[in-house]
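Given next are the chains, with one letter for each unit.
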Amino acid sequence: ASLYDLMITFGIGHTDADNSIWYVVDAINDHPDFAMHFPTDHDEQQAVAAGFERISAAGFNCCVGAVDGILIWIHRPSENDCMNSKVSSGKFFCGRKHKFGLNCQAVCDARGRFMDISIVFPGSTSDCLAFEGMSLFRKLEGGLLAPGLCLFGDNAYLNTTYMATPYTGAASGGRDDYNFYHSQVRIRIECAFGMLTHRWSILRKALPMGISLQRSVALVVALAKLHNYCINETVPSMTAADNLQLSLDGGVPLERSNAAPMRLPRQLMDGGDHFEDMDRLTRRQRERDAARNHNGLLPREQLCIQIQDGHLSRPPPDGRNH
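**With respect to the overall build of the protein chain**
Argument step 1. Scanning the protein chain for helices and strands turns up eleven helices and six strands.
Argument step 2. For a compact globule of 322 residues, the expected C-alpha radius of gyration is about 20 Å, and the protein chain comes in at 20 Å, within 12% of that figure.
Argument step 3. With the C-alpha coordinates of the protein chain rotated into their principal frame, the extents come out at 65 × 45 × 35 Å.
Argument step 4. Sorting the 322 residues of the protein chain into buried and exposed places 47% on the buried side.
Argument step 5. Pairs at least 24 residues apart make up 69% of the contacts formed inside the protein chain by residues separated by at least 6 positions.

See below:
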C-alpha cells in the first residue's frame, strides 16, 4: 500500500509509516533464514539440474539455473545518488524501455525461486555486462560448476563453457529445434519475474520518489527473498482487483506470452538485450577462445547433438507431434 493508506488505516504519522517499512526490509535482508545463495556444492547443483530436467521435454539435465535481467523502474536519480554511484543520470535511462531504472540480474531454479540476484548497474547497461558484474560470474569463471552443468540464458549473453544460449538466425533444422527446447527451460526466469511483479506490484511502477538507490536495491532484494518464501509456503498472490487498480495507477500491465504459461511484465523485460557496451570483436574473440579450449563442443553444441540424436524437432504450430 502507499504510505498514506498506511497512515490512515493505522492512525500513524508519515515518519512512523516510512520507518516501519525500512525496518522490515532490513530485517528480511539481515535474517539468515531468507538468505539466497547459488549452490556451491556439486550435489546441490545436480539437484537443481534434476529439477530442470523434469520440466524439459528434451530431457536436458545440465541446466543449473536460468538467467535474465529486468528493469527496476525508478524516477530520475537525484544529483546525490548520481554522485555516489559515480555515473550521470543519463546512464540510468534505458533507451529500449524509455524509463529510468536499474539493471537487475537474477538466476532462478525450475520452480522460479531466485538463487542469486544482483543490482549494481544502471538501466542503460547491457545484460551481458551486468551479468559479468555479479559475484556469481567470477565464481563461474573460477570453475564453480560441476562438470557438464551450465546456465541457460538468451542471446543477450555470451555462449561459453558455463552459459548455453540460443543460436542466432536459426529458422529451421537442428539448431532451430534446439532453440525451441532451450527456450522451454530458459522461460523459467521470465516466469519468475512474472510471479515477482504480480505479487509485488510496486515493481510495475516507478519506485516512489525520495527513495535512494541504495534503499531501492535493498527493497527489491527483500521482495525477491519474500518471493522465494511465498513459493516455498504456497502463499497466494494478489487479486484481479489489485491488478486493475495498478493499471489505473499507471503501472505496466502483465501481458500474455505464447511461450510462458503466465503473464509477463514485457515493458520492463529485455531492456538489456544489446551489446552496446561490449564491442563485437571482444565478444567474438571470447566465444572463439571458449570453443577452442573445448574442441568446439560447448554445452550448446552438445545439447544440439542430443536433440539430433534423439530425433527431436520443434512441434508444429497446431501442437501435433512429429
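**Topic: the pairing of strand β4 (residues 114–122)**
Argument step 1. Within β4, seven of the nine residues are buried, leaving the element largely enclosed by the surrounding structure.
Argument step 2. Summarising the sheet, strand β3 (residues 99–108) and β4 pair through six bridges and their orientation is antiparallel. Bridging across to β4, Q105 finds its partner in S118.
Argument step 3. Two successive antiparallel strands, β3 and β4, enclose a turn made up of five residues, where G112 displays a positive phi of approximately 90°.

**Focus on the side chain of D176**
Argument step 1. Turning to its location among the elements, D176 is positioned in helix α7 (residues 173–199).
Argument step 2. In this structure the side chain of D176 is engaged in a polar contact, spanning 2.9 Å, whose partner is the side chain of R314.
Argument step 3. Discounting chain neighbours no more than four positions away, the residues touching D176 are A170, A171 and R314.

**Quick word on unusual backbone geometry**
Argument step 1. With a phi angle near 65°, K86 is a residue other than glycine that sits in the positive phi range.
Argument step 2. The residue K86 is located in the loop between α4 (79–85) and β2 (93–94) in this model.
Argument step 3. Of note in this structure, H311 is not a glycine but carries a positive phi near 55°.
Argument step 4. Of note, H311 is situated in the segment after α11 (299–309).

**Quick notes on the nonpolar core**
Argument step 1. By size, the foremost hydrophobic cluster in this structure holds 81 residues, and its most contacted members are F38, F60, F114, F131 and F152.
Argument step 2. What F131 contacts, discounting residues up to four positions off in sequence, is V67, Q105, F137, L140, L151, Y157, Y162 and M163.

**Some details on the packing of helix α2 (residues 14–30) against helix α8 (residues 213–233)**
Argument step 1. Close contact between α2 and α8 brings their axes to 9 Å; oriented N to C, the two are set at 60°. With respect to α8, the axis of α2 lies oblique. Of the two possible hands of crossing, α2 and α8 adopt the one that is left-handed. The segment α2 lies against α8, with D18, W22, V25, I28 and N29 engaging R215, A218, L219, V221, A222, K225 and L226.
Argument step 2. For the contact of α2 with α8, the residue count by class is eight nonpolar, one polar and three charged.

**Some details on the packing of aromatic side chains**
Argument step 1. Tallied over the full model, the rule gives ten aromatic pairs.
Argument step 2. Taken together, a centroid distance of 6.5 Å and an interplanar angle of 50° make the contact between F60 and Y178 tilted. Taken together, the residues span a long stretch of sequence, with F60 in the loop between α3 (42–55) and β1 (63–73) and Y178 in helix α7 at a distance of 118 residues. Each member of the pair, F60 as well as Y178, is classed as buried.
Argument step 3. Here Y167 and Y178 contribute two aromatic rings whose centre-to-centre distance is 5.5 Å and whose plane-to-plane angle is 75°, an arrangement assigned as edge-to-face. Of the two residues, Y167 is situated in the loop between β6 (163–164) and α7 and Y178 in helix α7; the sequence distance between them amounts to eleven residues. The same class applies to Y167 as to Y178, namely buried.

Criteria and thresholds
- Residue numbering note: each chain is counted from 1, following its sequence as written.
- Under the rules for a predicted model, residues below a pLDDT of 70 receive no local features and side-chain atom pairs below 80 are neither given nor counted, while totals for whole chains, interfaces and linings still include all residues.
- The side-chain quantities take in all heavy atoms of the structure and omit both hydrogens and water.
- Numbering of helices and strands starts at the N terminus; helices are DSSP runs of H or I of at least 4 residues and strands are runs of E of at least 2.
- Here the globule rule is a power law, 2.2 Å times the number of residues to the power 0.38, and the radius of gyration is based on C-alpha atoms.
- Between buried and exposed lies partly exposed: a residue is buried under 20% and exposed over 50% of the maximum accessible area for its type, with that area taken using a 1.4 Å probe on protein chains only.
- The contact criterion used is simple: two residues touch if any of their non-hydrogen atoms lie within 4.5 Å.
- For two strands to be treated as a pair, DSSP must find at least two bridges joining them.
- Residues adjacent in sequence count toward polar contacts only when both atoms are side-chain atoms; beyond that, a polar contact is any pair of N or O atoms within 3.5 Å, and within protein one must be able to donate a hydrogen and the other to accept it.
- What is meant by a nonpolar core is a set of buried Ala, Val, Leu, Ile, Met, Phe, Trp, Tyr and Cys residues, joined one to another through side-chain atoms within 4.5 Å.
- Axes, fitted as lines to C-alpha atoms, cover a helix only where it is in contact. Angles between the N-to-C directions of the axes lie from 0 to 180 degrees.
- Roughly parallel here means an angle under 35 degrees, roughly antiparallel means over 145, roughly perpendicular means 65 to 115, and every remaining angle is called oblique.
- In this scheme, a crossing is called left-handed if the near helix is turned counterclockwise away from the far one by less than a right angle; it is called right-handed if the turn is clockwise.
- In this classification, the charged set is Asp, Glu, Lys and Arg, the nonpolar set is Ala, Val, Leu, Ile, Met, Phe, Trp, Tyr, Cys and Pro, and all remaining amino acids, among them Gly, are polar.
- Under the pairing criterion, centres of Phe, Tyr and Trp rings, with the six-membered ring standing for Trp, must be within 6.5 Å; the plane angle then separates stacked pairs below 30 degrees from edge-to-face pairs above 60, leaving the rest tilted.

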